[in-house]
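Structural overview for review
These are the residues of each chain, in order.
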Amino acid sequence: MKNIITISREYGSGGYEIGQKVAEALGYKFYDKEIIAELADKLMVSEHYIESVDDKPVRRNIFREISPLFAEANNDTDYIFEEQGKFIAKIAEEGNCVFAGRRADFYLKDNPNALHLFFYADTDFKVARVMESDKCTADEALKKINDTDKRRKTSYEYTTGRKWGDRYNYDRMICTSSLGVDKCVEEIVGLIKISKGN
């Protein structure tokens with residue numbers, strides 16, 4: 001029975017919106033920024049710092065100067081990712097949840113109840129979505145897409161040792177520009193209901 005969904009996506013593909021709508025349709029909990037907030041509270045650091053490490057993984061050891069929990073840590077980045085993985089696994093034990101990003105597909109790769117999805121789209125589709133959501137020009141939107149996906153790729157591959165966007169890491173690769181957001185939501189909800197035997 002699949003009752004956990006992980007969402008990986010290209011920036012502007014609509015994957016985040018789809019994840020939210022799927023969670024709402026199924027009555028599942030949706031997790032993204034909540035994970036950062038919980039980690040920041042546990043590690044006694046700011047959410048901004050957790051996000052900065054998440055976006056740009058580099059080896060550094062300044063945490064030991066600002067948080068006693070890192071006194072014995074060899075590497076802040078690795079420690080944060082390890083703790084994030086533990087937190088995601090703990091949430092997943094309860095089931096009925098959707099994770100947006102945060103390498104949840106990797107942390108839950110051996111969980112038989114998890115459905116791992118990767119969303120991608122044509123460039124024009126992504127640019128149009130980003131222009132609308134961020135109120136920017138086409139050139140600015142394209143730059144945001146390229147920069148964001150580069151950061152996601154670097155972070156994911158640094159942390160997991162796997163290739164970001166590799167079809168072998170996911171149960172479904174979904175082109176949102178071909179199906180549209182609402183059709184994607186409909187199909188994913190259908191997959192979950194089928195796995196539950198409804």
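These remarks concern the structure in this document. Owing to the predicted nature of the structure, the values given are computational and were not obtained by experimental measurement.

1. Observations concerning the pairing of strand 3 (residues 97-100)
Side chains Cys 97 and Phe 99 of strand 3 all project onto a buried face; the interleaved residues Val 98 and Ala 100 project onto the opposite face, where all are buried too. Bridge count between strand 2 (residues 29-31) and strand 3: three bridges; the pairing is parallel. When the sheet's bridge partners are listed, Tyr 31 is paired in strand 3 with Phe 99.

2. Here's the deal with the packing of aromatic side chains
Under the defined criterion, the tally for this structure stands at six aromatic pairs. Measuring from ring centre to ring centre gives 5.2 Å for Tyr 16 and Phe 30, while their planes differ by 85°; the resulting arrangement is edge-to-face. Taken together, the residues Tyr 16 in helix 1 (residues 15-26) and Phe 30 in strand 2 connect sequence positions 14 residues apart. In this structure Phe 30 comes out as buried when scored by relative accessible area, which is 18%. Through pairs of rings, three or more aromatic residues link up here, namely Phe 118, Trp 164 and Tyr 170. Here Lys 109 stacks its cationic end above the ring of Phe 106, 4.4 Å away from the centre of that ring.

3. Some details on unusual backbone geometry
Positive phi outside glycine occurs at Arg 102, with the angle close to 60°. Among the secondary structure elements, Arg 102 is positioned in the loop between strand 3 and helix 6 (104-107). Positive phi values are uncommon outside glycine, yet Lys 135 reaches one of about 50°. Relative to the elements of secondary structure, Lys 135 occurs in the loop between helix 7 (123-134) and helix 8 (138-160).

4. Digging into the layout of surface pockets
In this structure, the second largest pocket occupies an estimated 240 Å³ of space. In terms of lining, the second largest pocket is formed by 14 residues, of which the most central are Tyr 11, Gly 12, Gly 14, Tyr 16 and Arg 129. Elements represented by at least two residues in the lining of the second largest pocket include exactly helix 1 and helix 7. With four residues, the single largest contributor to the lining of the second largest pocket is helix 7. Split by residue class, the lining of the second largest pocket holds three nonpolar, five polar and six charged.

5. Brief notes about the nonpolar core
Judged by nonpolar contacts, the single largest core of 26 residues is most densely connected at Ile 4, Ile 50, Ile 88, Phe 99 and Leu 108. Broken down by secondary-structure element, the contributors of at least two residues to this core are helix 2 (33-43), helix 3 (47-55), helix 5 (76-92), strand 3, helix 6 and strand 4 (114-120). Look past the residues within four positions of Ile 50 in its chain and what remains in contact with it is Ile 36, Leu 39, Ala 40, Leu 43, Val 45 and Ile 80. Ranked by size, the runner-up nonpolar core spans 20 residues in total, among them Val 98, Leu 115, Leu 117 and Val 185.

6. Structural notes on the environment of Lys 144
Within the element layout of this structure, Lys 144 appears in helix 8. The exposure class of Lys 144 is partly exposed, given its relative accessible area of 33%. Put simply, Lys 144 and Met 131 are 13 residues apart on the chain and 10.0 Å apart in space, counted from C-alpha to C-alpha.

Reading guide: rules and limits
- Residues numbered from 1 in each chain as written.
- Predicted model: local features only at pLDDT ≥ 70, side-chain atom pairs only at ≥ 80, totals over all residues.
- Heavy atoms only, no water.
- Buried < 20%, exposed > 50% of the residue type's maximum accessible area, 1.4 Å probe, protein only.
- Helix = DSSP H or I, 4+ residues; strand = E, 2+ residues; numbered from the N terminus.
- Pairing = 2+ DSSP bridges.
- Phe/Tyr/Trp six-rings, centres within 6.5 Å; stacked < 30°, edge-to-face > 60°.
- Lys NZ or Arg CZ within 6 Å of the ring centre and 35° of its normal.
- 1 Å grid on protein atoms, 1.4 Å probe; cavity = no way out; pocket = protein on both sides within 12 Å on 5 of 7 lines; lining within 4 Å.
- Points joined across faces, edges and corners; volume = space filled by probe spheres on them.
- Nonpolar A, V, L, I, M, F, W, Y, C, P; charged D, E, K, R; others polar.
- Core = buried A, V, L, I, M, F, W, Y, C linked by side-chain atoms within 4.5 Å.
- Contact = heavy atoms within 4.5 Å.

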